Structure formats: C-alpha cells, structure tokens
Amino acid sequence: GAGVSQSPSNKVTEKGKDVELRCDPISGHTALYWYRQRLGQGLEFLIYFQGNSAPDKSGLPSDRFSAERTGESVSTLTIQRTQQEDSAVYLCASSLTWTTSSYEQYFGPGTRLTVT
Amino acid sequence: AQSVTQLDSQVPVFEEAPVELRCNYSSSVSVYLFWYVQYPNQGLQLLLKYLSGSTLVESINGFEAEFNKSQTSFHLRKPSVHISDTAEYFCAVMDSGAGSYQLTFGKGTKLSVIP
C-alpha cells in the first residue's frame, strides 16, 4: 500500500516569506508526527497529533511554527516569516494507535526547505 | 527530557568485517528503543526495535542490538557487513509512559563499507 507522502519535496523560499508543507499519512494511521532534521543533527520532534485529541505542540521552536490536521488525514505544517535557521528537512511520520503496541513510526521522504 | 548519544558520527569498515554502532540514552525510566536506517537518497526505515522481553533483538538483514538497562545502552552490531549496508543509522528512544510517543533521536552514524 501507499506510504507516507509529503509535498513539496523541495522548497526554496526567501527570508520572511511564509511556507506550507503537506503530509499525507498512511490510511488508517491515527497518529501523525512532524520532525525537523537540520544539517548534521538528529531529528527533532516538533508536534504530534493523535486522533481528535489536542495535539502535543511541545516541540515547536517558536510561535512562527504551527500545524493542523484534518481528522485522521492530511496535515499541514506552516512556518511564518521564515528565517535562515529554519532551513532543514522536515519529516512527517504516522503510526497506528498506541493500543496496537506496535509503536512503529513510518516516515515520509521529507521536504527539504531552504531559506535564502 | 531524554537525550540520545551516538558517539561516532562516521564509521568506515571493510566489507565482511564486524561493526558496532554505539548508542546511549540518558534516562533510566521505562523506554522503548529503536534503530532506524537511511540509505542514500531514501527515507528513514525502521531496522529493529526493543519494546519488552528478550533484550537481544534482531533484524532480517543480520543486524542485532542488545538493550542494556544498567548501562542505558542499545548498541547495534553486525558480524559481517556488506557494501549494501552503507547508510546512516539513527538510534531513537521513546518514553513508554510519556503519552505522546514522540521519538528522541541521536545525531546519526554514517556507516561506510569499504570494498
């Protein structure tokens, strides 16, 4: 079946512009995560959605970052007034609910964001 | 908060030689442990995981990792590497009681297998 998809694959934007990144999780996966991977660094957790529960936003680095999810489907990550330090690969992952005890997160290919 | 340390950023090794990629995590609370692999120009894939039970877990392509609670480690090993194992390997930890199931990742280890 289809895996996690993300769009665009690459995005170049000017400093100060807003960008929107999209994630389509695996069908049936209720949990969705956003991570950021800056050059030479590990992945940093940004935000987590689980069904209709309030999202865990504890990883968002500033109020310029926000994310939404429509039900158990598509999610968008928005970065307002982009800064050069926002340049990174943004990864989305999805997983089944915790009740399945699988805990495996399936990752998308990522969106490479470059802020000039 | 959890932190994960992968001491080696790059590991070159000759083909058919053994390899160990080290991973230590910070917290002694109940955790789940994972190794993810990223092959060149591909996305992250789960290699193996420890949730409970036997502390030695294996992958389908010959890697194994052992959970050591006293040393808070989850080192990845393979007795004989192949060229196709060239990739970046990430260790990750999840607090089993945290509720949000976020993963905390190490910075990754680039394994280069030399013919």
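Here, the structure is the one placed above.
Computed from a predicted model, the values in this text were never measured in an experiment. (Residues numbered from 1 in each chain as written. Chains lettered and ligands numbered in written order. Predicted model: local features only at pLDDT ≥ 70, side-chain atom pairs only at ≥ 80, totals over all residues. Heavy atoms only, no water.)

Asker: Run through the overall build of chain A, naming residues and quoting values.
Answerer: For chain A, the helix and strand inventory stands at 0 helices and 10 strands. Ordering the α and β elements of chain A from the N terminus gives β-β-β-β-β-β-β-β-β-β. A compact globule built from 116 residues should have a C-alpha radius of gyration of about 13 Å, and chain A, at 14 Å, falls within 12% of that. Classification of the 116 residues of chain A by burial places 50% in the buried group. Relative to all contacts within chain A whose residues are 6 or more apart in sequence, the contacts with residues 24 or more apart total 55%. For chain A, the exposed surface amounts to about 5600 Å²; the carbon and sulfur share of it is 46%. Positive and negative charge centroids in chain A, built from 11 and 12 side chains respectively, lie 5 Å apart. (Helix = DSSP H or I, 4+ residues; strand = E, 2+ residues; numbered from the N terminus. Rg over C-alpha atoms; globule rule 2.2 N^0.38 Å. Buried < 20%, exposed > 50% of the residue type's maximum accessible area, 1.4 Å probe, protein only. Contact = heavy atoms within 4.5 Å. Areas by Shrake-Rupley, 256 points an atom, 1.4 Å probe, with all protein chains shown as cover. Lys, Arg positive; Asp, Glu negative; His and termini not counted. Charge placed at Lys NZ, Arg CZ, Asp CG, Glu CD.)

Asker: Go over the state of the cysteines with me, naming the residues and quoting the values.
Answerer: Working definition: the covalent bond between the sulfur atoms of two cysteines is a disulfide. Residues and elements named next belong to chain B. As enumerated under the stated definition, the model contains 2 disulfides over all chains in all. Shown here is the disulfide that connects Cys23 with Cys91, its sulfur atoms set 1.9 Å apart. Taking the sign of the torsion about the S-S bond as the criterion, the disulfide between Cys23 and Cys91, at about -65°, is left-handed. With Cys23 in the loop between strand E3 (19-21) and strand E4 (24-25) and Cys91 in strand E10 (residues 87-95), this pair connects stretches of sequence that are 68 residues apart. (Disulfide = S-S within 2.5 Å.)

Asker: Describe unusual backbone geometry, with residues and values.
Answerer: That bond from Ser7(A) to Pro8(A) is cis: its omega, -10°, falls within 30 degrees of zero. Tracing the backbone shows Pro8(A) in the loop between strand E1 (5-7) and strand E2 (10-13). Of note, Thr72(B) is a non-glycine position whose phi angle comes to about 45°, a positive value. In this structure, Thr72(B) sits in the loop between strand E8 (64-68) and strand E9 (73-78).

Asker: So what's going on with the pairing of strand E4 (residues 31-37) of chain A? Residues and values would help.
Answerer: Residue and element names in this part refer to chain A. Across the 7 residues of E4, 7 count as buried, placing the element largely inside the fold. In E4, alternate side chains face the same way, and those of Ala31, Tyr33, Tyr35 and Gln37 on one face and Leu32, Trp34 and Arg36 on the other are all buried. Pairing between E4 and strand E5 (residues 43-50): 7 bridges, direction antiparallel. Each residue of the ladder has a partner; that of Trp34, found in E5, is Ile47. Counted between consecutive antiparallel strands, the loop separating E4 from E5 contains 5 residues, among which Gly40 sits at a positive phi close to 75°. Pairing between E4 and strand E8 (residues 88-95): 7 bridges, direction antiparallel. Counted as the bridge partner of Tyr35 is Leu91 from E8. (Pairing = 2+ DSSP bridges.)

Asker: Which residues make up the interface of chain A and chain B, and what values do they have?
Answerer: Between chain A and chain B, the contact holds 19 residues from the first and 18 residues from the second. Summed over both sides, the interface between chain A and chain B buries roughly 1600 Å², with carbon and sulfur atoms accounting for 58% of that surface. Across the contact surface, chain A and chain B share 0 salt bridges. On inspection of chain A and its partner chain B, the count reaches 2 residue pairs in polar contact (both at pLDDT 80 or more). Put simply, the parts of the chain that give the side of chain A that touches chain B at least two residues each are E4 and E5 of chain A. (Buried area = accessible area lost by both parts, 1.4 Å probe. Salt bridge = Lys/Arg side-chain N within 4 Å of Asp/Glu carboxyl O. Polar contact = N/O pair within 3.5 Å; in protein donor to acceptor, adjacent residues only side chain to side chain.)

Asker: Give me the lowdown on the pattern of salt bridges, citing residues and values where you can.
Answerer: Per the counting criterion, the structure on display carries 9 salt bridges over all chains. Of the charged contacts, one joins Arg38(A) and Glu44(A) as a salt bridge, the two residues approaching to 3.2 Å between their closest N and O atoms. By relative accessible area, which is 29% here, Arg38(A) ends up partly exposed. Ionic pairing is found between Glu66(B) and Arg77(B), a salt bridge with its closest N-O pair at 3.2 Å. Here Arg77(B) lies in strand E9 and Glu66(B) lies in strand E8, a separation of 11 residues in the sequence. The class of Glu66(B) is partly exposed, set by a relative accessible area of 36%. One network of salt bridges, in which partners are shared, links Glu20(B), Glu64(B), Glu66(B) and Arg77(B).

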